[in-house]
Amino acid sequence: MNSVPLSEVSEFIRDGTHGSPIRMETGIPVLSAMNVKDGALNFETDRFTSNEEYTAFAKRLPLAVGDVLLTIVGTIGRSAVLNEISPLVFQRSIAVIRPKFSVLDSRFLFHVTQSADFQRQLDRAANKSSQAGVYLGKLGGVEIPLPPLSEQRRIAAILDQADALRAKRREALAQLDSLTQSIFIEMFGNPATNPKGWPICKIGDLLESASYGTSEKSSSKGRFPVLRMNNITRFGEIDLTDLKYMDLVESEYERYLVKSGDVLFNRTNSADLVGKTAIYRYADRVAYAGYLIRLRTNAENDPEYLGRFLNTAFAKKMLRGMCKSIIGMANINATEIQAMKIARPPLTMQREFAQRIKAIESQKKTHRKSLAEFNNLFYSLQFRAFKGRL
């Protein structure tokens, strides 16, 4: 299958605004790489700007249906196709690729950007600084396959159908996440107003310990997997892909290991991601890195309650207000997280909540297994498609 540099079959490749748009309580949504996920653009944001900022952005980067979005700063390589146009401003972490529609189909390009070969080329092109990024010039030099347009559309249609199966499983998982949030509100009330009148304490009162992770470097080999900030999703899950490893000496064995039931809190990240929180629910013991804080509850409290509280919209808003900026990154330290106020319902209720969450987690495990099977099918089809064997 013939291949060409991406720039040769694109009308343009541009990134979002390099400035810092005026921040407003409401207005035009400001979206970043975190808004591109699972092949779609979502509008979940707490950042808004003015109509004047939008007018300036739209003049430099007029969007059109069929534009392909690609994340190029921080989390590199996620993509989506614009299916409709509405007022928004992209930050520079998103690149907009407009195909030459006479020779390149948008859906085909989307699937190409998610292929293993394209992702390897992106990784090689990335600037490996503290915050990885891909310059637009290097992005334009990435080689992509270019069969005839009719063949592109046939391939895209097949991959779209296979991808739809994965999307249904992801949707089911999202619905279970929503159910978890609903159960929390049903049992404990809205944490912003505490309508059930629970005693208010500090998070530190719920803890046996709050400890920073190891600052030792990890690598591709070692005795223990290491959880880093990228292994905690913004949706409160532990993602065990892309693990690094390290060896721990005996004196560090207990200090830097995570046990089942520990709550992990991401203390340093971009402003919209600092405070990511997840509970480690596995039997295998893993280490955790320095950008994480391990919150271990005491015997009078259950980690499921604490973990879910920190993932409520109320807690996320509080955390964003607590952030300090250090060299462009938001930061919350262990003292600050322990001082955060939280309602304290009885342990019996916390444990009842944990049992209900356990049942939901069992259902999620089944859906994840099915999703993994659909992923394998999709990757097989994708590999064959871009080798000309589909």
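Refer to the structure presented above.
Description of the structure in this document. The numbering scheme is per chain: residues are counted from 1 as the chain's sequence reads. In view of the model being predicted, local features appear only for residues whose pLDDT reaches at least 70, and side-chain atom pairs are presented and counted only at 80 or more, with totals across whole chains, interfaces and linings using the full set of residues. Note that the side-chain values use all heavy atoms of the structure and ignore hydrogens as well as water.

## Topic: the overall build of the protein chain
Next, step 1: Labels follow the DSSP assignment, with helices taken as runs of H or I lasting at least four residues and strands as runs of E lasting at least two, numbered in each case from the N terminus. Across its full length, the protein chain holds nine helices and 24 strands.
Next, step 2: Atoms considered for the radius of gyration are the C-alpha atoms alone. The globule rule reads 2.2 Å times the number of residues to the power 0.38. Relative to a compact globule of 390 residues, whose C-alpha radius of gyration would be 21 Å, the protein chain shows 22 Å and is just as compact.
Next, step 3: C-alpha atoms of the protein chain, sized along the principal axes, occupy 65 × 50 × 40 Å.
Next, step 4: The buried share of the protein chain, taken over its 390 residues, is 47%.
Next, step 5: By sequence separation, contacts in the protein chain at least 24 residues apart represent 75% of the contacts at least 6 residues apart.
Next, step 6: Accessible surface area values rest on a Shrake-Rupley calculation with a 1.4 Å probe, where residue burial reflects the displayed protein chains alone. Working note: accessible area of the protein chain is about 19400 Å², and carbon and sulfur atoms make up 51% of it. Three labels apply to residues, based on accessible area from a 1.4 Å probe with only protein chains included: buried if under 20% of the type maximum, exposed if over 50%, partly exposed otherwise in between. Any two residues whose heavy atoms approach within 4.5 Å at even a single point are treated as in contact.

## Some remarks on the pattern of salt bridges
Next, step 1: One speaks of a salt bridge when a side-chain nitrogen belonging to Lys or Arg is within 4 Å of a carboxyl oxygen belonging to Asp or Glu. Taken as a whole and judged by the stated rule, the model has 15 salt bridges.
Next, step 2: Its salt-bridge partner being Arg154, residue Glu151 comes within 2.8 Å of it at the nearest N-O pair. You can see Glu151 and its partner Arg154 sitting in helix α5 (residues 149–188), three residues apart, about one turn around the helix.
Next, step 3: Note on Arg154: relative accessible area 34%, which makes it partly exposed.
Next, step 4: As a salt-bridge pair, Arg166 and Asp163 come within 2.8 Å of each other at their nearest N and O atoms. Highlighted residues: Arg166 and Asp163, both in helix α5, separated by three residues, approximately one helical turn.

## Some words on the packing of aromatic side chains
Next, step 1: Paired rings are identified among Phe, Tyr and Trp, the last through its six-membered ring, by centres lying within 6.5 Å, and are further divided according to the angle between planes into stacked (under 30 degrees), edge-to-face (over 60) and tilted (the rest). Under the defined criterion, the tally for this structure stands at ten aromatic pairs.
Next, step 2: Residues Phe108 and Phe386 carry aromatic rings whose centres are separated by 5.7 Å and whose planes lie at 75 degrees to one another, so their mutual orientation is edge-to-face. Highlighted residues: Phe108 in helix α2 (residues 106–113) and Phe386 in the segment after α9 (347–385), separated in sequence by 278 residues. Taken individually, Phe108 and Phe386 each receive the classification buried, so the pair is uniform in this respect.
Next, step 3: With 5.7 Å between their ring centres and 15 degrees between their planes, Phe184 and Tyr305 make a pair best called stacked. A residue pair is termed long-range when its members are at least 10 positions apart, and Phe184 in helix α5 and Tyr305 in helix α6 (residues 303–310) qualify at 121 residues.
Next, step 4: Of the residues examined, Phe184 reaches a relative accessible area of 2% and is grouped as buried.
Next, step 5: We call a charge positioned over a ring when the NZ of a Lys or the CZ of an Arg lies within 6 Å of the ring centre and within 35 degrees of the ring normal. For the cation-ring pair, Arg166 lies above Phe378, with the distance from its terminal atom to the ring centre recorded as 4.0 Å.

## A few points about the pairing of strand β10 (residues 94–99)
Next, step 1: Of all six residues that make up β10, six are buried, and the element is covered over most of its length.
Next, step 2: Going residue by residue along β10, you find Ile94, Val96 and Arg98 tucked away on one face and Ala95, Ile97 and Pro99 tucked away on the opposite face as well.
Next, step 3: By the convention used here, strands pair only if DSSP detects at least 2 bridges between them. Two strands pair when backbone bridges link them, and strand β2 (residues 10–15) and β10 are joined in this way by five bridges, in the antiparallel orientation. The residue of β10 that forms the bridge with Phe12 is Arg98.
Next, step 4: In the sheet, strand β7 (residues 68–71) pairs with β10 via four bridges, with the strands oriented antiparallel. Following the sheet pairing, Thr71 is matched in β10 by Ile94.

## Things to note about the sheet that holds strand β16 (residues 257–258)
Next, step 1: Taken in spatial order, the four strands make up an open sheet running β15-β14-β20-β16, and their pairing is mixed. In this open sheet, the two strands that pair with only one neighbour each are β15 (244–246) and β16.
Next, step 2: As paired strands, β16 and strand β20 (residues 286–288) are joined by two bridges and run antiparallel to one another. Note on β20: the bridge partner recorded for Val258 is Val286.

## Focus: the nonpolar core
Next, step 1: By nonpolar core we mean a set of buried residues, namely Ala, Val, Leu, Ile, Met, Phe, Trp, Tyr and Cys, connected to one another through side-chain atoms within 4.5 Å. Within the largest apolar cluster, 33 residues are counted, with the highest numbers of intra-cluster contacts made by Ile203, Leu295, Leu310 and Ile337.
Next, step 2: Mapped onto this core, the elements with two or more residues apiece are α5, β17 (263–266), β21 (292–297), α6, α7 (313–322), α8 (334–339), β24 (341–343) and α9.
Next, step 3: A per-element tally of this core places α5 first, with five residues.
Next, step 4: Once residues within four sequence positions are removed from consideration, Ile337 is found in contact with Ile203, Phe265, Ile293, Leu295, Leu310, Leu319, Met322 and Ile332.
Next, step 5: Among the nonpolar cores identified, the runner-up in size contains 32 residues, and Val9, Val68, Val73 and Leu139 belong to it.

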